[in-house]
Amino acid sequence: MNLSGNVGPHPHNLEVQDLDSFDRLVSAGAVDMRGWHAQSLDLRGRTGALQRLHVEGAIFLGCTFDDGVEDVLRRRGALIFPRLETVPFNPYRAALYSPQELYAGLPDAPYEALPDARIYQWSIQPGMRHRLDATLASALHDHAIGDALDDVTRTGPFHGRAMVGVMGGHAAQRGSSGFAQAALLGRLLAQDGHVVATGGGPGAMEAANLGAYLSEVHDDGVQAALDILASVPGFRPSVSAWARAAAAVVERFPGGTPSLGIPTWFYGHEPPNYFATHIAKYFANAIREAILLELCTGGIVFLPGAAGTVQEIFQDACENYYGAREKVTPMVLVGRHHWERQYPAWPMLQSLAAGRPMEDRIFLVDTVQEAVEVLRLSA
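Now for a description of the structure that goes with this document. Computed from a predicted model, the values in this text were never measured in an experiment.

The rules behind these values
Counting restarts for each chain: residues are numbered from 1 in the order of the written sequence. Given that this is a predicted model, residues contribute local features only at a pLDDT of at least 70 and side-chain atom pairs are listed and counted only at 80 or more, while totals for whole chains, interfaces and linings are drawn from all residues. With hydrogens and water set aside, each side-chain value is computed from the structure's full complement of heavy atoms. Segments assigned H or I by DSSP are reported as helices when at least four residues long, segments assigned E as strands when at least two residues long, and all are numbered from the N terminus. As defined in this context, the radius of gyration uses C-alpha atoms, and a globule is described by 2.2 Å times the residue total to the power 0.38. Here the term buried applies to any residue with accessible area under 20% of the maximum for its type, exposed to any over 50%, and partly exposed to those in between, with areas from a 1.4 Å probe on protein chains only. Residues are treated as being in contact if the distance between any of their heavy atoms lies within 4.5 Å. Centres within 6.5 Å are what make two rings of Phe, Tyr or Trp a pair, Trp counting through its six-membered ring; a difference in plane orientation under 30 degrees is then read as stacked, over 60 as edge-to-face, and the rest as tilted. Charge over a ring is defined by NZ of Lys or CZ of Arg lying within 6 Å of the ring centre and within 35 degrees of the ring normal. For two strands to be treated as a pair, DSSP must find no fewer than two bridges joining them. One side-chain nitrogen of Lys or Arg within 4 Å of one carboxyl oxygen of Asp or Glu is enough to make a salt bridge. Within this scheme, the nonpolar core is defined by two criteria: the residues are buried Ala, Val, Leu, Ile, Met, Phe, Trp, Tyr or Cys, and they are joined through side-chain atoms within 4.5 Å. Here the expected span of a helix is defined as 1.5 Å times the quantity of residues minus one. Every angle, taken between N-to-C directions, lies between 0 and 180 degrees, and every axis is a line fitted to C-alpha atoms, over only the stretch in contact when it is a helix. For this classification, under 35 degrees means roughly parallel, over 145 means roughly antiparallel, 65 to 115 means roughly perpendicular, and everything else is oblique. Should the near helix be turned anticlockwise from the far one by less than a right angle, the crossing is termed left-handed; should it be turned clockwise, right-handed. Gly counts as polar in this scheme, as do all residues outside two lists: the nonpolar Ala, Val, Leu, Ile, Met, Phe, Trp, Tyr, Cys and Pro, and the charged Asp, Glu, Lys and Arg.

Helix and strand counts for the protein chain come out as 15 helices and 13 strands. The C-alpha radius of gyration computed for the protein chain amounts to 23 Å, which stays within 12% of the reference 21 Å derived for 379 residues, consistent with globular compactness. For the protein chain, the C-alpha atoms occupy an extent of roughly 70 × 50 × 45 Å along the three principal directions. Out of the 379 residues belonging to the protein chain, those deemed buried represent 51%.

What follows is the structure in structure tokens.
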């Protein structure tokens, strides 16, 4: 339950996301639901309580009621957003996704039959992006994901810990040195007490979430996990095999360190990785990218990548360029040859930073160990 404002008999701006919270509020003497947002609740059997409550101004999002109650609530002034049975997701969900939810059905079913794939296929149906019902459903969903993400960062498992973003190419193959280095980076960051956040996809993103997840596992266990994953280097040609290998690692090492992934169905051909314990998956890619930058107050480490990573570097640079000094966050580029020669983002970044508050917050290093040390010193 996410509370904002008064929690007395007339609470306002109150998100009620589970039945226990609803029952506690009623038992505590609540009489007025103005400002309540009841989200995805099965309120069958609570008709008596609803009859006693003043419901004008209350909002019910995707709730279920006893027969006839919905019409009565509308007549009494409640605003009811109905359950949307024609979409393959809950637009009013109250929590982030877990990998087990998005991949529900593994290992028996192929990826194409799993929730993540079915939602993506729904989103790319011809004309879907221009349909009003689809637009509303996806917008409501992304709003709900934003609320859930706010909960876990402000009061949940990530509360009180600096979040560090790891960005890099999706093409890094399991079994490669680049994948192993990204995993080491995630591991070291988590051991330093940071929350590791990535774009939630494959490649370097998967590796960083993996490293964070296994941050409390002995080195031999980490190598065993890397060996299991190396048997399926990438998600092509089979996402199913790729995901099953990751699920096998999680089954062998349950209860790993929490980390965050923020993927998008806009790039739904890239599946979410299985090692981000909390997944904020959006339909709108622009929202997803902006939120990832906003959350990473501990800085961002940019591993070698191509066009997407270059875009992310300068999106972050733009915010730092115009931001007040206290809002500037560290930017650490890993790989001198890559960022000076192959994709020379570093010289332009230096030029942008010259004379700005961000000038002493940008760094170019050769190793992930150096990147972690730079963040430690700049904290």
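Among the residues of helix α11 (residues 285-295), Asn285, Arg288, Glu289, Ile291, Leu292, Leu293 and Leu295 are the ones counted as buried. Structurally, α11 contributes buried residues whose contacts are with α6 (132-154), β7 (163-167), β8 (195-198), β9 (260-261), β11 (300-302) and α12 (307-322).

We now examine the packing of aromatic side chains. This structure, assessed with the given rule, holds 13 aromatic pairs. Seen from their ring centres, phenylalanine 89 and tryptophan 122 are 5.1 Å apart, and the 75° between their planes marks the pair as edge-to-face. Of this pair, phenylalanine 89 sits in the loop between β5 (79-81) and α4 (99-102) while tryptophan 122 is found in helix α5 (residues 115-123), placing the two residues 33 residues apart along the sequence. Comparing phenylalanine 89 with tryptophan 122, the two get one shared label, buried. Aromatic rings pair up to connect Phe89, Tyr97, Trp122, Trp265 and Phe283 into one cluster. Over the face of the ring belonging to tyrosine 97 we find arginine 93, whose NZ or CZ atom lies 3.7 Å from the ring centre.

What follows covers the environment of alanine 324. In this fold, alanine 324 is placed in the loop between α12 and β12 (331-334). Separated by 182 residues in sequence, alanine 324 and aspartate 142 place their C-alpha atoms 29 Å apart.

With an omega of 0°, the peptide bond running from leucine 106 to proline 107 counts as cis. You can see proline 107 is positioned in strand β6 (residues 104-107). In this structure, proline 237 follows arginine 236 across a cis peptide bond, with omega equal to 10°. Take proline 237: it is sitting in the loop between α9 (219-230) and α10 (239-252). Even without glycine at this site, serine 40 takes up a positive phi of about 55°. Among the secondary structure elements, serine 40 is positioned in the loop between β3 (36-39) and α2 (47-52). For serine 40, a relative accessible area of 27% puts it in the partly exposed group.

With that settled, the discussion passes to the sheet that holds strand β10 (residues 278-279). Within the open sheet, the seven strands sit side by side as β10-β9-β8-β7-β11-β12-β13. Their pairing is parallel. Only two strands of the sheet have a single neighbouring strand rather than two, namely β10 and β13 (362-365). Pairing geometry for β8 and β9, over two bridges, is parallel. Residue threonine 198 lies in a different strand from β9, and its bridge partner there is glycine 261.

In this section: the pattern of salt bridges. This model, assessed by the stated rule, comprises 15 salt bridges. The partner of aspartate 219 in a salt bridge is arginine 187, and the shortest N-O contact between them spans 2.8 Å. Remark: arginine 187 occurs in helix α7 (residues 177-191) and aspartate 219 occurs in helix α9; sequence separation between them is 32 residues.

In this structure, Tyr103, Leu149, Leu210, Leu260, Ile262, Val301 and Leu303 are the most contacted members of the largest nonpolar core, which totals 97 residues. The dominant element in this core, judged by the number of residues it contributes, is α10, at eight residues. Once you skip the residues sitting within four places of it in the chain, leucine 149 turns out to touch Leu96, Leu260, Ile262, Ala280, Tyr282, Ile291 and Leu295.

With 12 residues, α9 extends 16 Å between its outermost C-alpha atoms, agreeing within 8% with the 16 Å of an ideal straight helix rising 1.5 Å per residue. All of the buried residues along α9 are Gly221, Val222, Ala224, Ala225, Leu226 and Leu229. Elements that come into contact with the buried residues of α9 comprise α7, α8 (204-213) and α10.

Following the sequence through the fold, leucine 229 ends up in helix α9. Not counting chain neighbours up to four residues away, the residues in contact with leucine 229 comprise Arg174, Phe179, Leu210, Ala245, Ala246, Val249 and Phe275.

Further remarks concern the side chain of threonine 47. Relative to the elements of secondary structure, threonine 47 occurs in helix α2. Using a relative accessible area of 18% as the deciding quantity, one classes threonine 47 as buried. In this view, threonine 47 contacts Asp66 and Val69; residues no more than four positions away in its chain are not counted.

Contact pair α11 / α12: the axes reach a minimum separation of 11 Å and the direction vectors enclose 60°. With respect to α12, the element α11 is oriented oblique. With respect to the hand of their crossing, α11 and α12 are arranged in right-handed fashion. The segment α11 lies against α12, with Glu289, Ala290 and Leu293 engaging Gln311, Gln315, Asp316 and Glu319. Tallied by class, the residues present in the contact of α11 with α12 amount to two nonpolar, two polar and three charged.

Turning our eyes to something else, we now look at the packing of α7 against helix α15 (residues 368-378). One can describe the packing of α7 onto α15 by two numbers: an axis separation of 9 Å at closest approach and a directional angle of 25°. By the criterion of interaxial angle, the relationship of α7 to α15 is roughly parallel. Along this stretch, α7 crosses α15, giving a crossing that reads as right-handed. Side by side, α7 and α15 meet where Gln181, Leu184, Leu185, Leu188 and Leu189 of the first sit next to Val368, Gln369, Val372 and Leu375 of the second. Residue composition of the contact of α7 with α15, by class: seven nonpolar, two polar and no charged.

In short, the description is geometric, and any link to function would need to be established separately.
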